[in-house]
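# A look at the structure
This is what each chain is made of:
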Amino acid sequence: MTRLLVSVVDRAEARLALAQGADLIDAKDPSAGALGALPLATIAAIRADLPADTVTSAVAGDDEDIGRLAQSALAIAATGVTYVKLGLGHRTARPQAVAELGRLLTGRGRFITVLFADEDPPLALTTALREAGFAGAMLDTRRKSGVRLPDLLPAEALAAFVADCRRQGLLCGLAGSLRRDDIPALASLDPDYLGFRGGLCRAGDRRGELDPLAIAEAAARLAALRQGERAA
């Protein structure tokens, strides 16, 4: 069943998103790019301010230097978030680099990789991710110019990515300038999470404030779809 991931910048947004129905609270700095990392103190404060059973994540950036990326991810894992998200770019979205990252990270937290749909990512990397010990994989967009994930990859490719993640036992997420109207089509592919920031902000500005009514609407749409699945 598909659930709602909402990216937040501080404790107030985290509490707001959770109250309006978000299933996963994702700590991220939208002013610092697609996977801008917040300060460790901010991430730790977000985690500490939420109920213990809240599912959380935080982004560790997308450094092309494997050692630095791993170091950042391990520092964020120490804050107690459920998952740490790492962006894989042109140099790191390769089996050899994934294996090296896994060697540095395995057993020290739960890590999810992010592939960028606007960089022609190797969607078949899921086997390498599972072998390296990663917990999941997401598709996102690096350039936040209003081009949405469904504009970049056809439904068939997205469905294949989700199915590959399922076969490998990986959590799967889809994100990338998504709008609430994208929910029915993308949820039908059955990813674990749909990720939002700009689509749930006032005036669609990902650097602006979250809109509680937009979050509630997105959560309600997904809840209705889940209820329909159970009824079927």
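In what follows, the structure referred to is the one given above.
Residues numbered from 1 in each chain as written. Predicted model: local features only at pLDDT ≥ 70, side-chain atom pairs only at ≥ 80, totals over all residues. Heavy atoms only, no water.

## Considering helix 4 (residues 95-105)
For helix 4, the set of buried residues is Ala 97, Val 98, Leu 101, Gly 102 and Leu 105. Across the axial projection of helix 4, the buried residues extend over an arc of 140 degrees, all falling on one side. Opposite the packed face of helix 4, turned more than 90 degrees from it, sit the exposed residues Pro 95, Gln 96 and Arg 103. If you follow the buried residues of helix 4, they end up packed against helix 3 (66-77), strand 4 (83-88), strand 5 (111-116) and helix 5 (126-131). Of the residues flanking the end of helix 4, it is Gly 107, one or two places downstream, whose phi is positive at about 85 degrees. (Buried < 20%, exposed > 50% of the residue type's maximum accessible area, 1.4 Å probe, protein only. Helix = DSSP H or I, 4+ residues; strand = E, 2+ residues; numbered from the N terminus. Arc of directions from axis to C-beta. Contact = heavy atoms within 4.5 Å.)

## Observations regarding the sheet that holds strand 5
Taken together, the eight strands give a closed barrel; going around it, the order is 1-2-3-4-5-6-7-8, and neighbouring strands pair in parallel fashion. The sheet shows a mean angle of 25 degrees between the axes of neighbouring strands, taken without regard to direction. When strand 4 meets strand 5, the two strands line up parallel, connected through five bridges. Considered in strand 5, the bridge of Leu 88 is made with Leu 115. Where helix 3 meets the sheet, its contacts fall on strand 3 (55-59), strand 4 and strand 5, and the angle it forms with strand 4 comes to roughly 160 degrees. Those strands touched by helix 7 (residues 155-168) are strand 5, strand 6 (136-140) and strand 7 (171-174), and its axis lies near 160 degrees from that of strand 7. (Pairing = 2+ DSSP bridges. Axes fitted to C-alpha atoms, helices over the stretch in contact; angles between N-to-C directions.)

Interpretation in functional terms is not warranted from these geometric data alone.
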